[in-house]
Amino acid sequence: MILAFDTAGPVVGVALQCGGDVDVRMERIARGAETRLVPWALELLSLRGASRSDIIGVGVAVGPGAFTGIRVGLATASGLATGLGVPLWAGSSLESRARRAGAAGQVLSMLDARKGRVYAALYRDGVRIEGPADVAPEVA
């Protein structure tokens, strides 16, 4: 099982991949994401009848995104991976959102960068072809 965290944007989430299935907990959170991550992870493990010892790796979104949110996700993921003695993998927050769209062809993945801007990257069939960039939404 692989446990993953994404705290780069206002919607934070935890996912647990078990074989071909993925269970997810996510919520729009303004403050206090750190209080939800581990309880959600434990809940997802419980749903599968699994324990921490079943985790073979931990993934985490490393941005672009909000600095404080990314720091919370990195600290949580790093601490768990170190404590469990499993690998830690890092990935783009925009790529995970593009993959979640699940569409073949082109996908424009964007994340609110605040102050009227977005982080954006363009993917074609799951491969990044442009970005990431911090731009105005109309430019994206």
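Enquirer: Give a description of helix α1 (residues 34–47) that names residues and reports values.
Expert: Between its first and last C-alpha atoms α1 spans 21 Å; for 14 residues at 1.5 Å apiece the expected length is 20 Å, and the two agree. Residues of α1 that are buried: Leu37, Trp40, Ala41, Leu44 and Leu45. Taken around the axis of α1, the buried residues stretch over an arc of 135°, which confines them to a single face. Summarising the geometry of α1, the exposed residues directed more than 90 degrees from the buried face are Thr35, Ser46 and Leu47. Tucked into the core, α1 has its buried residues touching β1 (2–6), β2 (11–18), β3 (21–28) and α2 (67–84). Looking one or two residues past α1, glycine 49 carries a phi angle of roughly 65°, positive in sign.

Enquirer: Kindly report on the pairing of β3, identifying the contributing residues and their values.
Expert: For β2 and β3, the ladder comprises eight bridges, and the chain directions are antiparallel. Note that in β3 the partner of alanine 15 across the bridge is valine 24.

Enquirer: Give me a nonpolar patch on the surface: which residues, what numbers.
Expert: Judged by side-chain polarity, Val11, Val22, Val24 and Met26 come together as a nonpolar surface patch covering roughly 290 Å² of accessible area. In terms of residue count, β3 provides more of the nonpolar patch than any other element does, three residues in total. Mapped onto the elements, valine 24 comes out in strand β3. Taking the relative accessible area as the measure of exposure, valine 24 reaches 30% and is therefore partly exposed.

Enquirer: Account for the sheet that holds strand β6 (residues 106–114), with residues named and values stated.
Expert: Taken in spatial order, the three strands of this open sheet run β6-β7-β8, and their pairing is antiparallel. Every other strand in the sheet has two partners, leaving β6 and β8 (127–135) as the edge strands with one partner each. Going from strand to strand, the sheet's axes swing by 15° on average, the running direction of each strand aside. Both strand β7 (residues 117–124) and β8 contribute to a ladder of six bridges, which runs antiparallel. Paired with alanine 120 across the strands is alanine 133, a residue of β8. Those strands touched by helix α3 (residues 93–101) are β6, β7 and β8, and its axis lies near 135° from that of β6.

What counts, and where the lines are drawn
- Residues numbered from 1 in each chain as written.
- Predicted model: local features only at pLDDT ≥ 70, side-chain atom pairs only at ≥ 80, totals over all residues.
- Heavy atoms only, no water.
- Helix = DSSP H or I, 4+ residues; strand = E, 2+ residues; numbered from the N terminus.
- Expected span 1.5 Å × (residues − 1).
- Buried < 20%, exposed > 50% of the residue type's maximum accessible area, 1.4 Å probe, protein only.
- Arc of directions from axis to C-beta.
- Contact = heavy atoms within 4.5 Å.
- Pairing = 2+ DSSP bridges.
- Patch = residues over 30% accessible without salt bridge, like charges linked within 9 Å, V, L, I, M, F, W, Y side chains within 5 Å.
- Areas by Shrake-Rupley, 256 points an atom, 1.4 Å probe, with all protein chains shown as cover.
- Salt bridge = Lys/Arg side-chain N within 4 Å of Asp/Glu carboxyl O.
- Axes fitted to C-alpha atoms, helices over the stretch in contact; angles between N-to-C directions.

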